[in-house]
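Structural overview
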Amino acid sequence: MTIHAATALAACSRSLYQRGWMPGTSGNLSVRLPEGLALVTASGRDKGELTAADTVLVDDRNGVPLDPDGPRASAETGIHAAVYRTTDAGAVIHVHPPYATAIACRSGGGAPLRLERFELLKGLGLADPSRTELPVFRNWPEVPRIADEIAAHLAATPDAPPGLLIAGHGITTWGADLAQARNRLECLEAICQLLVLGVEPTERPIG
Ligand SMILES: [Zn+2]
């Protein structure tokens, strides 16, 4: 189970790196395992060369590694744990793709990003796929503070979309498994690309 999850994490990481969404050692991925555990990518590793050995077993509620003498978990593991504490996510992806990051850099954080009528909202599994509000969190220097704000928001917002931005930083998405988290990431990145291009979907049907 764990080795299968580790292999899947490494493969997903390498392919997101190849897309240019995990420059250098940035970004981190995790999958939830049974019995209150999660497997997360290790800190400081080149994401284009990640292997199953570059993953760390952590407590899924707080992100603390099971083996204190093993490799360090990503510095942003607390954000993954915040999502696992407050949703039924089975996998979380945090990356810095160009368009979502550009949108995140335009925001100071606090006010959500209102998304309406984008066709790709249908890829997010929303109860109402015609609109959603993507939260934008402040990029506090202390990751636990960001994680606490994310957990508080998700706990209070059961219909929140399966993704969020951190101002000036990047995007986090989640789903039942890595494939779904990645699909949702692709949909949100594509929507952010349209926003950067200045596209506002109109209400009128075309033709
Ligand atoms: Zn980051």
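Keep in mind it's a predicted model, so treat the numbers as computed, not measured. (Residues numbered from 1 in each chain as written. Predicted model: local features only at pLDDT ≥ 70, side-chain atom pairs only at ≥ 80, totals over all residues. Heavy atoms only, no water.)

Side note on the coordination of the zinc ion
The coordination sphere of the zinc ion, as far as protein atoms go, consists of Glu76 (OE), His94 (NE2), His96 (NE2) and His169 (NE2), spread over 2.0 to 2.5 Å. Taken together, the four donor atoms coordinating the zinc ion span angles of 77 to 166° at the metal, a pattern that classifies the geometry as irregular. (Donors = N, O, S within 2.8 Å, 3.2 Å for Na, K, Ca; no water. Tetrahedral: all angles 85-135°; square planar, octahedral: opposite > 155°, others 65-115°.)

Considerations on the nonpolar core
Ranked by size, the top nonpolar core spans 36 residues in total, and within it Leu16, Ile93, Leu115 and Leu165 carry the most contacts. Only helix H1 (2–18), strand S1 (28–33), strand S4 (91–95), helix H3 (98–106), strand S5 (113–116) and helix H5 (178–196) provide two or more residues apiece to this core. For this core, the element with the most residues is H5, which contributes eight residues. Setting aside anything within four residues of it in sequence, one finds Leu16 in contact with Trp21, Met22, Leu29, Ile93, Val95, Arg182 and Leu185. Core analysis: the next-biggest nonpolar cluster, separate from the first, contains 23 residues, Ala42, Ala73, Ala147 and Leu154 among them. (Core = buried A, V, L, I, M, F, W, Y, C linked by side-chain atoms within 4.5 Å. Buried < 20%, exposed > 50% of the residue type's maximum accessible area, 1.4 Å probe, protein only. Helix = DSSP H or I, 4+ residues; strand = E, 2+ residues; numbered from the N terminus. Contact = heavy atoms within 4.5 Å.)

Structural notes on the side chain of Asp54
Checked against the element boundaries, Asp54 lands in the loop between strand S2 (37–41) and strand S3 (55–59). With sequence-adjacent residues up to four places away left out, Asp54 is seen in contact with Val40, Thr41, Ala42, Arg45 and Glu49.

Looking at the packing of H1 against H5
In contact at an axis separation of 11 Å, H1 and H5 are set at 20° when each is read in the N-to-C sense. With respect to each other, H1 and H5 are oriented roughly parallel. Our pair here, H1 against H5, has a crossing hand that is right-handed. Side by side, H1 and H5 meet where Ala8, Leu9, Cys12, Ser15 and Leu16 of the first sit next to Leu178, Arg182 and Leu185 of the second. Along the lines of polarity and charge, the residues of the contact of H1 with H5 split into six nonpolar, one polar and one charged. (Axes fitted to C-alpha atoms, helices over the stretch in contact; angles between N-to-C directions. Parallel < 35°, antiparallel > 145°, perpendicular 65-115°, else oblique. Left-handed = near helix turned anticlockwise from the far one by under 90°. Nonpolar A, V, L, I, M, F, W, Y, C, P; charged D, E, K, R; others polar.)

Considerations on unusual backbone geometry
With a phi close to 65°, Glu35 is a non-glycine residue in the positive phi region. Inspection of the secondary structure assignment puts Glu35 in the loop between S1 and S2. A relative accessible area of 78% means that Glu35 is categorised as exposed. Phi is positive for Arg117, which is not a glycine, with a value near 65°. Assignment of secondary structure puts Arg117 in the loop between S5 and strand S6 (131–134).

What about the side chain of Glu76?
Position of Glu76 relative to the elements: it lies in the loop between S3 and helix H2 (77–86). Summary of buried charges: Glu76 has no salt-bridge partner, and the nearest side chain of opposite charge, Lys47, is 7.8 Å away. Other than its neighbours up to four places away in sequence, Glu76 contacts Asn28, His94, Val143 and His169. (Lys, Arg positive; Asp, Glu negative; His and termini not counted. Salt bridge = Lys/Arg side-chain N within 4 Å of Asp/Glu carboxyl O.)

A few points about the pattern of salt bridges
Summed over the entire model, instances satisfying the criterion amount to nine salt bridges. For Arg19, the salt bridge is made with Glu186, and the minimal N-O distance between the two is 2.8 Å. Of this pair, Arg19 sits in the loop between H1 and S1 while Glu186 sits in helix H5, placing them 167 residues apart in sequence. Across the salt bridge formed by Glu133 and Arg114, the nearest N and O atoms sit 3.3 Å from each other. With Glu133 in strand S6 and Arg114 in strand S5, this residue pair connects regions lying 19 residues apart in the sequence. Taking relative accessible area as the criterion, Glu133 reaches 38% and is therefore assigned partly exposed. A network of salt bridges, in which partner residues are shared, links Glu116, Arg117, Asp128 and Arg131.

A closer look at the confidence of the model for the protein chain
Looking at the protein chain, the pLDDT average stands at 93 and 97% of residues meet or exceed 70. Element-level mean pLDDT values for the protein chain span from 93 in H1 up to 98 in strand S9 (residues 170–175). (pLDDT = per-residue confidence, 0-100.)

Observations concerning the sheet that holds strand S7 (residues 136–137)
In a beta sheet, neighbouring strands pair by backbone hydrogen bonds and run either parallel or antiparallel. Spatial ordering of the open sheet is given by S3-S2-S1-S4-S9-S8-S7, a layout of seven strands whose pairing is mixed. In the strand order of this sheet, the two ends are held by S3 and S7, each with one partner. Bridge analysis of S1 against S4 gives four bridges, and the strand direction is antiparallel. Bridging across to S4, Asn28 finds its partner in His94. The sheet contacts of H3 involve strand S8 (163–166) and S9, and relative to S8 the element is tilted by about 55°. On top of the sheet, H5 reaches S1, S4, S8 and S9; it is set at about 140° to S9, its chief contact. (Pairing = 2+ DSSP bridges.)

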